[in-house]
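Each chain is listed here by its residues.
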Amino acid sequence: MATPTKETTSYTPEDIEAAYILLQLSRDYREQAQEEEEEDAIKDEVPSIPIVQQVSQTTRKLCTNRKTLEKKQKTTINKKSKKIKKKYTSRKFVEKDDSEETRNRLMAWNQTELDPGEIFRVADVAEWLGKPIKKQMSESDVKVGQNRLMLGKEKVKKWLFPRLKKTEIPSGTRWLDVSVYGPDGNAREMKFKMWSVDTPVLSSGWREFFTDYGFQMHCDILTIRMFRHLITRKICFAIHKTRFPSITKPLSDRIVKDVFPNPT
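Reading the values: rules and limits
- Residues numbered from 1 in each chain as written.
- Predicted model: local features only at pLDDT ≥ 70, side-chain atom pairs only at ≥ 80, totals over all residues.
- Heavy atoms only, no water.
- Helix = DSSP H or I, 4+ residues; strand = E, 2+ residues; numbered from the N terminus.
- Buried < 20%, exposed > 50% of the residue type's maximum accessible area, 1.4 Å probe, protein only.
- Contact = heavy atoms within 4.5 Å.
- Areas by Shrake-Rupley, 256 points an atom, 1.4 Å probe, with all protein chains shown as cover.
- Polar contact = N/O pair within 3.5 Å; in protein donor to acceptor, adjacent residues only side chain to side chain.
- Salt bridge = Lys/Arg side-chain N within 4 Å of Asp/Glu carboxyl O.
- Core = buried A, V, L, I, M, F, W, Y, C linked by side-chain atoms within 4.5 Å.
- Pairing = 2+ DSSP bridges.
- Patch = residues over 30% accessible without salt bridge, like charges linked within 9 Å, V, L, I, M, F, W, Y side chains within 5 Å.
- Lys, Arg positive; Asp, Glu negative; His and termini not counted.
- Charge placed at Lys NZ, Arg CZ, Asp CG, Glu CD.
- Arc of directions from axis to C-beta.

## What to know about the overall build of the chain
Argument step 1. For the chain, the count of helices and strands is seven helices and eight strands.
Argument step 2. Counting over 264 residues, the chain shows a buried share of 30%.
Argument step 3. Excluding contacts between residues fewer than 6 apart, the proportion of contacts in the chain whose partners are at least 24 apart in sequence is 69%.
Argument step 4. Carbon and sulfur atoms form 54% of the exposed surface of the chain, whose accessible area is close to 18,800 Å².

## Digging into the environment of Lys96
Argument step 1. Its place among the elements puts Lys96 in the loop between α2 (49-89) and α3 (100-110).
Argument step 2. In this structure Lys96 comes out as partly exposed when scored by relative accessible area, which is 39%.
Argument step 3. Expressed as a C-alpha distance, the spacing of Lys96 and Ser252, which sit 156 residues apart in the sequence, is 5.3 Å.
Argument step 4. Discounting residues that sit within four places of it in the chain, Lys96 has contacts with Lys249, Pro250, Leu251, Ser252 and Asp253.
Argument step 5. A polar contact of 3.5 Å, which involves the side chain of Lys96, links it to the side chain of Asp253.

## A closer look at unusual backbone geometry
Argument step 1. For Asn147, which is not glycine, the phi dihedral falls at a positive 55 degrees.
Argument step 2. Along the chain, Asn147 falls in the loop between β2 (133-136) and β3 (148-150).
Argument step 3. If you check the backbone angles, Arg233 has positive phi at about 65 degrees while not being a glycine.
Argument step 4. Residue placement: Arg233 occurs in the loop between β7 (220-229) and β8 (235-243).

## Points about the pattern of salt bridges
Argument step 1. Summed over the entire model, instances satisfying the criterion amount to 14 salt bridges.
Argument step 2. A salt bridge links Glu100 to Arg254; its shortest N-O distance comes to 2.9 Å. With Glu100 in helix α3 and Arg254 in helix α7 (residues 253-259), this residue pair connects regions lying 154 residues apart in the sequence.
Argument step 3. On the basis of relative accessibility, which here comes to 43%, the residue Glu100 falls in the partly exposed class.
Argument step 4. Put simply, Glu101 and Arg105 hold a salt bridge, and the shortest N to O gap is 3.0 Å. Of the two residues, Glu101 and Arg105 are both situated in helix α3; the distance of four residues between them amounts to about one turn of the helix.
Argument step 5. Residue Arg105 is classed as partly exposed on the basis of its relative accessible area of 30%.

## Some remarks on the nonpolar core
Across soluble globular proteins, nonpolar side chains have a tendency to be buried as a group.
Argument step 1. Membership of the largest hydrophobic core comes to 34 residues, with the highest contact counts inside it found for Phe192, Leu202, Trp206, Phe237 and Ile239.
Argument step 2. Every element with two or more residues in this core is listed here: β1 (126-129), α5 (153-160), β4 (176-181), β5 (187-195), α6 (206-212), β7 and β8.
Argument step 3. Excluding anything up to four places from it in sequence, Phe192 contacts Leu151, Val156, Phe161, Leu164, Pro170, Trp175, Leu176, Val178, Pro200, Val201, Leu202 and Phe237.
Argument step 4. Counting ten residues, the second largest nonpolar core, distinct from the first, contains Met107, Trp109, Leu251 and Phe260.

## Section: the environment of Met150
Argument step 1. Considering the arrangement of structural elements, one finds Met150 in strand β3.
Argument step 2. As a C-alpha pair, Met150 and Trp195 span 45 residues in sequence and 8.5 Å in three-dimensional space.

## With respect to the pairing of β5
Argument step 1. Sheet topology note: the β4/β5 ladder contains six bridges and is antiparallel. Following the sheet pairing, Val180 is matched in β5 by Arg188.
Argument step 2. Between β4 and β5, which pair antiparallel in sequence order, lie five residues; one of them, Gly185, sits at a positive phi of approximately 90 degrees.
Argument step 3. The turn linking β5 back onto strand β6 (residues 199-203) is made up of three residues, and Ser196 within it adopts a positive phi angle of 55 degrees.

## Re a negative patch on the surface
Argument step 1. Where like charges cluster on the molecular surface, the negative patch consists of Glu31, Glu35, Glu36 and Glu37.
Argument step 2. By secondary structure assignment, the location of Glu37 is in helix α1 (residues 13-45).

## Observations concerning α3
Argument step 1. All buried positions along α3 are accounted for by Thr102, Leu106, Met107 and Trp109. End-on, the buried residues of α3 take up no more than an arc of 165 degrees, which puts them together on one face.
Argument step 2. On its buried face, α3 is in contact with β2, β7, β8 and α7.

## Some words on α5
Argument step 1. Those residues of α5 that fall on the buried side of the exposure criterion are Lys155, Val156, Trp159 and Leu160. Relative to the axis of α5, the buried residues are bounded by an arc of 95 degrees and lie together on one face.

No statement about biological role is implied by the geometric values presented.
Now the structure itself:
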């Protein structure tokens, strides 16, 4: 029986070199694949530089917009605050007389029936005397540059206008020339007109009138009556004053409402 012959393999130097090259290439491939996997992992966790720059720019823009908005809001608030402050600080605080003593004294005076003939000395020339309008001389009535005596809007509308002809009722830029009698019975010429659209006043000569008669604000209470002159048929006013030296302040709204109520 024949004995098998053991087959031997022989490698040439070229084969060994080729095998070494394949092994090295395999190692290089594995290392490169591992590096690529690591790079991919890093890319998943950290944004690329352009994205980071974009986010940074957007953040800066938002911050800038926010600062601009806050600055505008702050400026607006400051302007409104200054406006409100100016509005209220420009108004003088006025202390008013709200004492019961003043109220009772004026209530007693107001309830006393006054004789128009004795007060105004015009009863002999008056066709009729309108219902009296009573008011405290205010700072506005003696203010330089305004030159007008303010009359009660509701009182004039309900007590005086019904006595006038339609063409005699002042409105807008239309006024009525009137004669105004002082406490001594002498008359001055003035205008009966509207101030600020709907506020009836006596003007154009009022300043000289209250100066000549020595009218004073606060302490003087005026009684004003309108009448039609028997002879001239002209509309006239008669003004009398009663002085209360103890009254040195504007009357409170409560006292004004009680002593000089508007017609209902």
